[in-house]
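# Commentary on secondary and tertiary structure
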Amino acid sequence: MGMIGNTLVFAGLAIGAAVLFTPNAEEAGQTNDVPETAGFDGTKPSPTEPQAAIASSSGRELVLKRDASGHFTTTVTINGARFPVLVDSGATLVVLRREDAMAAGISVFPHEFTGGAQTAGGEVRTKPVVLSSVRIGDIERSQVPGAVVDADLPVSLLGQSFLNQLAETRVSDGEMRLR
C-alpha cells in the first residue's frame, strides 16, 4: 500500500481515536436507550466492552443505535475472538489494536510491522493482515483486509474493508443499519 493509501487508512484511525474523547451526548441534551444486554447471543458485555446499543438483529440485518458519546460501537468476532469495536466509515480497513489482534490469533512480533502510515498523532508502524472471518450479529464476511497498528489505540475500528462488502450501510435518526 502506498503512502496515499496508508494516509487514508489511518486518517480514519486518527479521527476514530479522537472522537472517542468527545463530550457525552447526554450532556448535549441527547438521550440513548441502551438495552440491558448488548451481546448478540444474549450475554451481558464484560466491563471492558462498550454498551453496544442494538435496536434489533433479524436475519441478515443489524440495527445499531448511537451510544452515549454519539458513536456506533458494537462487539465483533474476528477469527473466533470477541471484542469491542468502533464502527468507523472513515477508516479504509478494519484496524486492530495489538491486544485484539493477539486474541484473534494474529502474531504481533515487532519485526512484522513493516508498513507505516502517517496519522494526526504522527507516524505509526503497521502490519497488513487478511482476516479469515469478521462477524457482527448474523452478518459474516471472510478474507477481509485489515491492519494491526503498533500504537496505543483505545479500541479497534470496523472500517470500509468490511462495510463495503455489505449490501447496505445506512445511518438515519441515530441508527445505523447494516445488511
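In this text, all values refer to a predicted model and were calculated from it rather than measured experimentally. (Residues numbered from 1 in each chain as written. Predicted model: local features only at pLDDT ≥ 70, side-chain atom pairs only at ≥ 80, totals over all residues. Heavy atoms only, no water.)

### Some thoughts on the overall build of the chain
Across its full length, the chain holds 3 helices and 11 strands. Across the chain, helices and strands are ordered from the amino to the carboxyl terminus as α-β-β-β-β-β-α-β-β-β-β-α-β-β. Burial status across the chain gives 45% buried among its 179 residues. In the chain, 59% of the contacts between residues at least 6 apart in sequence involve partners at least 24 apart. Here the chain displays about 8700 Å² of accessible surface, and carbon together with sulfur accounts for 52% of that area. (Helix = DSSP H or I, 4+ residues; strand = E, 2+ residues; numbered from the N terminus. Buried < 20%, exposed > 50% of the residue type's maximum accessible area, 1.4 Å probe, protein only. Contact = heavy atoms within 4.5 Å. Areas by Shrake-Rupley, 256 points an atom, 1.4 Å probe, with all protein chains shown as cover.)

### Comments concerning the confidence of the model for the chain
For the chain, the mean per-residue pLDDT works out to 76, and 67% of the residues sit at or above 70. Note on residues 14-53: pLDDT is under 50 here. Beyond four places in sequence and across chains, it has 71 contacts. (pLDDT = per-residue confidence, 0-100.)

### Observations regarding the nonpolar core
Ile78, Leu96, Leu131, Phe162 and Leu178 are the most contacted members of the largest nonpolar core, which has 29 residues in total. Every element with two or more residues in this core is listed here: β2 (61-65), β3 (73-78), β4 (81-87), β5 (94-96), β7 (122-136), β8 (139-149), α3 (160-163) and β11 (175-178). Not counting residues up to four positions away in its chain, the partners in contact with Leu96 are Ile78, Phe83, Ala101, Ile106, Leu131, Ala147, Val148, Val149 and Ser156. Membership of the second largest hydrophobic core comes to 9 residues, among which are Leu86, Leu93, Ala147 and Leu153. (Core = buried A, V, L, I, M, F, W, Y, C linked by side-chain atoms within 4.5 Å.)

### A word on the pattern of salt bridges
By the definition in use, this model includes 11 salt bridges. Shared partners join several salt bridges into a network, and the residues in it are Arg98, Arg125, Asp150 and Asp152. (Salt bridge = Lys/Arg side-chain N within 4 Å of Asp/Glu carboxyl O.)

### A short note on the pairing of β7
As judged from the 2 bridges shared by β3 and β7, these two strands associate in the antiparallel manner. If you follow Ile78 over to β7, its bridge partner there is Val134. Pairing between strand β6 (residues 115-119) and β7: 5 bridges, direction antiparallel. Counterpart to Gly116 in the pairing with β7 is Arg125. Linking β6 back to β7 in an antiparallel pair, the connection comprises 2 residues. Where β7 and β8 come together, 10 bridges link them in antiparallel fashion. If you follow Val130 over to β8, its bridge partner there is Pro145. Taking the residues between adjacent antiparallel strands as the criterion, β7 and β8 are bridged by 2 residues, where Gly137 takes a positive phi near 55 degrees. (Pairing = 2+ DSSP bridges.)

### Focus: unusual backbone geometry
Phi at Asn79 takes a positive value of approximately 50 degrees, unusual for a residue other than glycine. Structurally, the position occupied by Asn79 is in the loop between β3 and β4. Assessed through its relative accessible area of 29%, Asn79 is described here as partly exposed. Even without glycine at this site, Gln143 takes up a positive phi of about 55 degrees. Tracing the backbone through its elements, the reader meets Gln143 in strand β8. Gln143 sits in the exposed class, given a relative accessible area of 52%.

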